[in-house]
Amino acid sequence: MGSWQYEGYTGPFDFQGRRTLVLGMTGVGQAIARGLAEAGADVGVCAATNAPEAALNARNLSREIAKTGVKTTVHAIDSTLGTGAQVMVRQVAKELGGLDTLVVATDLFIAKPAAKLSEAEWASTIGINLSSVFFANRAAAKEMEKDGFGRIINVSSGLGSRGLPNAAAYAAAKGGVLQLTRSLAQEYAPLGITVNCIAPMWLEDTPGIGSADPAENQLVRFIPMRRFGKPEEAAPLALYLASEGAGYVSGQVFYVDGGVMSHL
């Protein structure tokens, strides 16, 4: 049993006293943060950029979480910089009294043909979608190693496994998250840290997906469930992967996609 456990611990899905950090204010990231807080975990939230809108979203989410009665803290960083991630993770661990769980839900989608994609756009897409994940994972593992217990959950995309025209940079970065997850799972296993990945496909807040009516949208008709997913539908899976009950689950990719990945 992990050293985070406290007197009164009631089972493998008890999150009371757990110290968690969610990086990235995407719909999925915010849904997971709310789910962790509702389950009783203390939750640090961090915007993946210093942009005013992202920082405001993080502050608003932290205020919402505080109403549940758990401890919360809020930050905003340039997550593409390793030093920034290291300092932020260390600070959150100090504020919460340690770190047991990390969720990285950073996301930046740029839709352009490869021939028209600038070097700056390539770099920013790789930076937010892949580099930020690596830097946060590495920094969190240093904190988790102290207690010999940790849960790392990276949020990727179904496009990390399936290519899509005009999404070369995004698909490459999200594919990198899958392989990063698998590699770090092996590296961190001896430290008592699991590393898993959730890969949503088209959700209601995905930019540019169009009408949700199958009669009007060929994309919806391609989804076996004939609807877009909700960000909240990824949260229960994240809570399972963050729990002590998932202690023997590591290096796995779980698709939240309405059956898309089984579609020929």
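These numbers come from a predicted model, not from an experiment. (Residues numbered from 1 in each chain as written. Predicted model: local features only at pLDDT ≥ 70, side-chain atom pairs only at ≥ 80, totals over all residues. Heavy atoms only, no water.)

> Tell me what's going on with the overall build of the protein, and back it up with residues and numbers.
If you tally the helices and strands in the protein, you get seven helices and seven strands. The linear arrangement of helices and strands in the protein, starting from the amino end, is β-α-β-α-β-α-β-α-β-α-β-α-α-β. Expected size for 264 residues packed as a compact globule is a radius of gyration near 18 Å; at 18 Å, the protein falls within 12% of this value. Looking at the 264 residues of the protein, the share that counts as buried comes to 52%. For the protein, the share of sequence-separated contacts (at least 6 apart) that also reach a separation of at least 24 residues comes to 71%. Counting every atom, the protein has about 11700 Å² of accessible surface; 55% of that belongs to carbon and sulfur. Counting 22 positive and 24 negative side-chain charges, the protein places the averaged centre of each group 3 Å from the other. (Helix = DSSP H or I, 4+ residues; strand = E, 2+ residues; numbered from the N terminus. Rg over C-alpha atoms; globule rule 2.2 N^0.38 Å. Buried < 20%, exposed > 50% of the residue type's maximum accessible area, 1.4 Å probe, protein only. Contact = heavy atoms within 4.5 Å. Areas by Shrake-Rupley, 256 points an atom, 1.4 Å probe, with all protein chains shown as cover. Lys, Arg positive; Asp, Glu negative; His and termini not counted. Charge placed at Lys NZ, Arg CZ, Asp CG, Glu CD.)

> Describe in detail the sheet that holds strand 3 (residues 72-76), supporting the description with residues and values.
Taken in spatial order, the seven strands make up an open sheet running 3-2-1-4-5-6-7, and their pairing is parallel. Taken across any chain shown, the strands that pair with only one partner, and hence form the sheet edges, are strand 3 and strand 7 (253-256). Mean inter-strand twist for the sheet, computed between neighbouring axes without regard to direction, equals 15°. Judged from the four bridges that link them, strand 6 (residues 193-200) and strand 7 form a sheet pairing that is parallel. Of the residues in strand 7, the one forming a bridge with cysteine 197 is valine 253. Seen against the sheet, helix 2 (residues 52-66) touches strand 2 (42-47) and strand 3 and runs at an angle of roughly 180° to strand 3. (Pairing = 2+ DSSP bridges. Axes fitted to C-alpha atoms, helices over the stretch in contact; angles between N-to-C directions.)

> An account of the pairing of strand 4 (residues 101-104) is requested, with residue identities and associated values reported.
Here strand 4 shows two buried faces, one formed by Thr101 and Val103 and the other by Leu102 and Val104. Two strands pair when backbone bridges link them, and strand 4 and strand 5 (residues 150-155) are joined in this way by four bridges, in the parallel orientation. Pairing of valine 104 across the sheet is with asparagine 154, part of strand 5. On the question of chirality, the crossover connecting strand 4 to the parallel strand 5 by way of helix 4 (residues 119-144) is right-handed. (Right-handed = clockwise from strand over helix to strand, strands pointing away.)

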